[in-house]
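Observations on the model geometry
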Amino acid sequence: MSHPELPPGPRAPAAWQTVAWTVRPAAFLRRVHGRFGDPVTVRTYWMDEPMVLFSNPEAVREMFRLDPEVAPAGQSWEFLRPFAGPNSILVLDGEEHLRERRLIQTPFHGERMQALRSTVAELARRELQMWSGRVTTLERMRHLTLEIILRVVFGARGEREVAALREAVHDTLQSVRSMPRMLAMSLIQRDLGPHSPWGRFRLAVERFDALLLDVVARRRAEPGGDSMLAVLLDQRDDDGNPPTDRHLRDQLVALLAAGHDTSAAALAWAFERLARHPAVHARLREDDPAYLEALVKEVLRVRPALTIAPRRLREPVRIAGRSLPAGVHVAACLWLALRREDLWLEAAAFRPERWLEGAPPNPTSWIPFGGGVRRCAGAPFAEMEMREVLRAAADMKIRPVRLEPEQARRSALVVVPERGGEVLVG
Ligand code: HEM
């Protein structure tokens, strides 16, 4: 569909824009913003229609306040449905989404989070203890955040259960992490035999589902424990019915899909920044909770793991005085918003102190977790996880393998350091 009335943007073909965004997301976003201003319209293979990116605070606020009936987010993640499942918070919209959101957020409340904290701290300590020499932190953080999800979210018990799930998740995520493959498969969905890409993907998901349903059955048989699954098992819908096994499966997969790569990317960036800022690392050693919180905030600001929070327009709307037609996607560009010079003093500098000294930054401009009714449901957990890993890293000796900062590249949905956040330990 052509939309002559959209804000300006690059005229290069969608294929070129997709490649540019994937290979050098930061440079691509900076360039389009520098050349076309705010808003800017981009075209990529991830979205079937053009996407209008906003980064100025007023527009972002208006976007996050749009009625979900008019600007649903689930439709932008539709390609995840074959993995996420039909009950997934990620693909639902409207009332169904809000109902699911209330359920899935139950385990993230106050004292429950406290109970999970010590397990996260122990897993982080064990992981970091093994490091020496050259370490690719992204790889290790993918391992750690998966281990945390399996034990803390799924409540997996014992080495055998964890190992079986780890292997099945690994196989399934191989397919999901490859965006082009996932997109192509969700479009084709043709089973051309067990060796075709779709056939292999289906088999991996079936194997994974069988293991998940087995975990659910075991937790039902031996209730208790303080895993998130234990809390989710106690949910009741509006009619007082307990959740079905398939519903629990979709909830676990949503927490895995949304919480694994994102946290791993954010933590790899934390190590990439920390290794190049010894003074920040020295202050981390002082064990000041306020500084630790500021450090987490600053990592998420200067290197947000997700670049956009997209919505699809079902009806024409006006955002920041601009009329936009139905059908197109609009997105808060988290990356640009968190790096605007008019909002952040020395925006590109990594300075956790900015959160502690002088006038505090406006919290509504800090949007690494998106906003409105789709704001990250796992944000309190993600921040707690980052605090515990960084606390465990306080006494480590790390330095960068190469002095120059690592550029950002896209890996599936998240933005990661191009060399995986390499550090030398010891
Ligand atoms: C540093 C790590 C993380 C970052 C940067 C992050 C960021 C985000 C963002 C930007 C969104 C979309 C918000 C929007 O569209 O406005 C989102 C959604 C979501 N996140 Fe996170 N996230 C992180 C970790 C986690 C974790 C650990 C979990 C759970 C264990 C989680 C669960 C979710 C869920 C369930 C949604 C969908 C919410 C909805 O559709 O209502 N996230 N996250």
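This text goes with the structure placed above it.
Before going into details, it helps to say that this report is about the structure given with it. All values reported here derive from a predicted model rather than from experimental measurement.

1. A short note on the sheet that holds strand β2 (residues 51-54)
Reading across from one edge, β1-β2-β7-β4 is the order of the 4 strands in this open sheet, with mixed pairing throughout. Each end of this open sheet is capped by a strand with a single partner; those strands are β1 (40-42) and β4 (308-312). When the angles between neighbouring strand axes are averaged without regard to direction, this sheet yields 30°.

2. Considerations on the packing of helix α7 (residues 137-153) against helix α12 (residues 245-259)
Two numbers describe a pair of packed helices, the interaxial angle and the distance between the axes. Interhelical geometry of α7 versus α12 gives an angle of 155° and a closest axis separation of 10 Å. Between α7 and α12, the angle is such that the two are roughly antiparallel. Considering the relative orientation of α7 and α12, their crossing is right-handed. For the pair formed by α7 and α12, the contact residues are L146, I149 and V153 on the first element and L252, L255, L256 and G259 on the second. Residue composition of the contact of α7 with α12, grouped by class: 6 nonpolar, 1 polar and no charged.

3. Quick notes on the site of the ligand
Of all residues adjacent to the ligand, which total 28 residues, the nearest are H97, R101, R311, R374 and C376. One nitrogen or oxygen atom from the main chain of A258 is found 3.5 Å from a nitrogen atom belonging to the ligand. Here an oxygen atom of the ligand sits 2.8 Å away from a polar atom, N or O, in the side chain of R311. Of all the secondary-structure elements, those providing two or more residues to the shell around the ligand are α5 (94-105), α12, α13 (261-275), β4 and α17 (379-393). Considering only residue class, the shell around the ligand consists of 18 nonpolar, 7 polar and 3 charged.

4. A few points about the sheet that holds strand β8 (residues 398-400)
Judged by pairing direction, the sheet is antiparallel, and its 3 strands sit side by side in the order β3-β11-β8 without closing on themselves. Here the strands that pair on one side only, and so sit at the sheet edges, are β3 (133-136) and β8. Within the sheet, the average angular offset between the axes of one strand and its neighbour, ignoring direction, is 35°. Judged from the 4 bridges that link them, β3 and strand β11 (residues 422-425) form a sheet pairing that is antiparallel. Across the sheet, the residue bridging to G133 is V425, located in β11. Its contacts with the sheet place α7 against β3 and β11, and it is angled at close to 60° to β3. Sheet strands touched by α13: β8 and β11. Its angle to β8, the strand with the most contacts, is close to 85°.

5. What about α12?
Here α12 is 15 residues long and its end C-alpha atoms lie 21 Å apart, about the 21 Å a rise of 1.5 Å per residue gives. Among the residues of α12, those classed as buried are H247, L248, R249, D250, Q251, L252, V253, A254, L255 and L256.

6. Topic: the pairing of β4
Within β4, 5 of the 5 residues are buried, which leaves the element mostly enclosed by the surrounding structure. Residue alternation in β4 divides its side chains into two sets, I308, P310 and R312 and A309 and R311, and both sets are buried. Sheet analysis places β4 next to strand β7 (residues 329-333), joined by 5 bridges and oriented antiparallel. Residue pairing for β7: P310 is matched across the bridge by A331.

7. Topic: the environment of R126
Within the secondary structure, R126 sits in helix α6 (residues 110-129). Through-space distance from the C-alpha of R126 to that of P39 is 46 Å; in sequence the pair is 87 residues apart.

8. Side note on unusual backbone geometry
Excluding glycine, residues mostly carry a negative phi; peptide bonds, for their part, are mostly trans. At the junction of D38 and P39, the peptide bond is cis and its omega measures out at 5° in the coordinates. Tracing the sequence through the fold places P39 in the loop between α2 (25-36) and β1. The phi torsion at D287 lies on the positive side, around 60°, for a residue other than glycine. Turning to its location among the elements, D287 is positioned in the loop between α14 (278-284) and α15 (289-302). Phi is positive for E346, which is not a glycine, with a value near 45°. Following the sequence through the fold, E346 ends up in the loop between α16 (334-337) and α17.

Calculation criteria
Residues numbered from 1 in each chain as written. Predicted model: local features only at pLDDT ≥ 70, side-chain atom pairs only at ≥ 80, totals over all residues. Heavy atoms only, no water. Pairing = 2+ DSSP bridges. Helix = DSSP H or I, 4+ residues; strand = E, 2+ residues; numbered from the N terminus. Axes fitted to C-alpha atoms, helices over the stretch in contact; angles between N-to-C directions. Parallel < 35°, antiparallel > 145°, perpendicular 65-115°, else oblique. Left-handed = near helix turned anticlockwise from the far one by under 90°. Contact = heavy atoms within 4.5 Å. Nonpolar A, V, L, I, M, F, W, Y, C, P; charged D, E, K, R; others polar. Near = heavy atom within 4 Å. Polar contact = N/O pair within 3.5 Å; in protein donor to acceptor, adjacent residues only side chain to side chain. Expected span 1.5 Å × (residues − 1). Buried < 20%, exposed > 50% of the residue type's maximum accessible area, 1.4 Å probe, protein only.

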